[in-house]
Amino acid sequence: MALDTYANLQTSIINFAHRADLNALIPDFIRLAEDKIYATLESKRQDLRSTLATVANQENVSLPSDYMDIRSLSISLNNETGTLDYYPPDQYETQYPDDFTGMPKVYTIVNTSIYLKPIPDAVYSLTLIYTASLTALSTGNPTNWLLTKYPSIYLHASLEQLAMYIKDTNAAAAYEAEWQGILDGINIKDWNDSASMRVRTDVNLTRLPI
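Residues numbered from 1 in each chain as written. Predicted model: local features only at pLDDT ≥ 70, side-chain atom pairs only at ≥ 80, totals over all residues. Heavy atoms only, no water.

A. Structural view of the sheet that holds strand E2 (residues 60-62). The mixed open sheet is built from four strands, whose spatial order is E2-E8-E7-E5. At either end of the open sheet lies a strand with only one pairing partner, and these are E2 and strand E5 (85-86). Sheet topology places E2 next to strand E8 (residues 113-117); three bridges connect them, and they run antiparallel. From the neighbouring strand, Val-61 faces E8, where its bridge partner is Ile-114. (Pairing = 2+ DSSP bridges. Helix = DSSP H or I, 4+ residues; strand = E, 2+ residues; numbered from the N terminus.)

Dropping the structure here:
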């Protein structure tokens, strides 16, 4: 059976574990496995581009609901673009303590929002490149790129959770090593192929009018 859908994954877990008595718990094992997988997955396939808009005299802009991490943030004005500089929240507040307005030059991330200084004095277009979280598998979301390309990650991670449930620590450790090794390979390959995807810290606003 192909490991290509949520339903087929459940069937394969049952078959590999030889534990039909745990059928009702399989969705829980998959969901717990996803928490571990998604916490360490760093693939360029997760990267998305989103266009956001500032609000005049408002410091913050909401992040996309699937946001996990930022790659880059740029600003547009009159068909010219520049890269905004990231500051950690404490440095952001120290370097820009006043609530003056103008064209934003720096930003920080707090909770689910981007904060910009100077506070936007008009509507600016922001281009956000970010890492998006994967949506959990379900009947309504039966597959995704990771299950399609690397089904053994889901299978072994779910079997790890099943082994933990029945207190088979040796099997759990073996299953974890299997899926984590594949995931590490994905992360290493993607970062080697996409070194430029790291967050940029330089300011590139020289082309924009002040």
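B. Local environment of the packing of aromatic side chains. Here the structure, examined in full by the defined rule, presents five aromatic pairs. Note on Tyr-96 and Phe-100: the rings are 6.3 Å apart at their centroids and 35° apart in plane angle, and the pair reads as tilted. Judged by relative accessible area, which is 38%, Phe-100 ranks as partly exposed. In this structure an aromatic cluster arises from ring pairing among Tyr-87, Tyr-96 and Phe-100. (Phe/Tyr/Trp six-rings, centres within 6.5 Å; stacked < 30°, edge-to-face > 60°. Buried < 20%, exposed > 50% of the residue type's maximum accessible area, 1.4 Å probe, protein only.)

C. Just the environment of Leu-25, in detail. Mapping Leu-25 onto the fold places it in the loop between helix H1 (6-17) and helix H2 (26-40). Along the chain, Leu-25 and Leu-162 lie 137 residues apart, while their C-alpha atoms are 8.5 Å from each other.

D. Examining the pairing of strand E3 (residues 67-77) more closely. One ladder, built from eight bridges, connects E3 with strand E10 (residues 125-132); its direction is antiparallel. Following the sheet pairing, Tyr-67 is matched in E10 by Ala-132.

E. Representation of the environment of Glu-34 within the structure. With respect to the helices and strands, Glu-34 occurs in helix H2. Those residues in contact with Glu-34 that sit more than four places away from it in its chain are Ala-136, Leu-137 and Tyr-154. (Contact = heavy atoms within 4.5 Å.)

F. Looking closely at the sheet that holds strand E4 (residues 80-83). Judged by pairing direction, the sheet is antiparallel, and its four strands sit side by side in the order E1-E10-E3-E4 without closing on themselves. Every interior strand has two partners, whereas the edge strands, strand E1 (47-53) and E4, have only one. When strand polarity is set aside, the average angle formed by the axes of neighbouring strands in this sheet is 30°. Note that E1 and E10 share seven bridges and pair antiparallel. Among the inter-strand pairings, Ala-53 is bridged to a residue of E10, identified as Ser-125. (Axes fitted to C-alpha atoms, helices over the stretch in contact; angles between N-to-C directions.)

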